[in-house]
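# Examination of the molecular architecture
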Amino acid sequence: MTHCELCETLLEKAIWKNRFFYAIDASTDEFPCFIRIVSVKHVAEMSELSESERLYLWRLLETLEEAMRKFLSPDKINYAQFGNFVPHLHWHMIARWRDDAYFPECPWGSKQRTFDPRTTQERRAHTKELLKALPALLDAVELPA
Ligand SMILES: [Zn+2]
């Protein structure tokens, strides 16, 4: 099998996983709640998943969105999917606030302001609570048929 950084490294760092998908905490100081849901399979596009896997993935994303809203009360949640660098379909889920460093730009856009370290610390603390609850919430999503 060819070398794959995601398979070899990131899977070890997963905060939740099963045979279909896994979750990675990609949070930074600028984005204190940034979580990726990644396909275990080497697929690049949504249409390469079966219909039941697509529906399952969508339910995982919705579950994560609801958890972000409950634990962090962000102003917006961004869903992004590119996958130009790695052969693992993945969604970036990012909690956003009007006062964050890039709002209203996307996280890959132009920086708008300097983040407030105190605000980031508080949001990171809420993210840690979310991360504790998340595995059980994602496990509760019904698996694909
Ligand atoms: Zn891989």
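Here goes a summary of the coordinates provided. Keep in mind the model is a prediction, meaning the values are calculated, not measured.

It is worth spelling out the pattern of salt bridges at this point. Per the stated rule, a full pass over the model turns up seven salt bridges. Between aspartate 100 and arginine 96 there is a salt bridge, with the nearest N and O atoms lying 2.7 Å from each other. Judged by relative accessible area, which is 5%, aspartate 100 ranks as buried. Arginine 123 serves as the salt-bridge partner of aspartate 99, at 3.0 Å between the closest nitrogen and oxygen. Pair noted here: aspartate 99 is in the loop between β5 (90-96) and α3 (117-139) and arginine 123 is in helix α3, with a separation of 24 residues, a long-range link.

All right, on to the sheet that holds strand β1 (residues 16-17) then. An order of β1-β2-β3-β5-β4 is seen for the five strands of this open sheet, with the pairing classed as antiparallel. Looking at the sheet topology across the chains shown, the edges are occupied by β1 and β4 (76-80). The pairing of β4 with β5 spans five bridges and is classified as antiparallel. Paired with tyrosine 79 across the bridge in β5 is methionine 93. Each of β1, β2 (21-25), β3 (34-39), β4 and β5 touches helix α2 (residues 51-72); the most contacted strand, β5, lies at about 15° to it.

One recurring pattern in soluble globular proteins: nonpolar side chains tend to sit buried together. Core analysis: the biggest nonpolar cluster contains 28 residues, and Phe21, Ile35, Ile37, Leu57, Leu60, Met68 and Leu130 have the highest contact counts within it. At the level of elements, β2, β3, α2, β5 and α3 are the ones that each hand at least two residues to this core. No other element matches α2, which puts eight residues into this core. In this view, methionine 68 contacts Cys33, Ile35, Ser73, Pro74, Ile77, Met93, Ile94, Ala95 and Leu130; residues no more than four positions away in its chain are not counted.

About the criteria used
- Residues numbered from 1 in each chain as written.
- Predicted model: local features only at pLDDT ≥ 70, side-chain atom pairs only at ≥ 80, totals over all residues.
- Heavy atoms only, no water.
- Salt bridge = Lys/Arg side-chain N within 4 Å of Asp/Glu carboxyl O.
- Buried < 20%, exposed > 50% of the residue type's maximum accessible area, 1.4 Å probe, protein only.
- Helix = DSSP H or I, 4+ residues; strand = E, 2+ residues; numbered from the N terminus.
- Pairing = 2+ DSSP bridges.
- Contact = heavy atoms within 4.5 Å.
- Axes fitted to C-alpha atoms, helices over the stretch in contact; angles between N-to-C directions.
- Core = buried A, V, L, I, M, F, W, Y, C linked by side-chain atoms within 4.5 Å.

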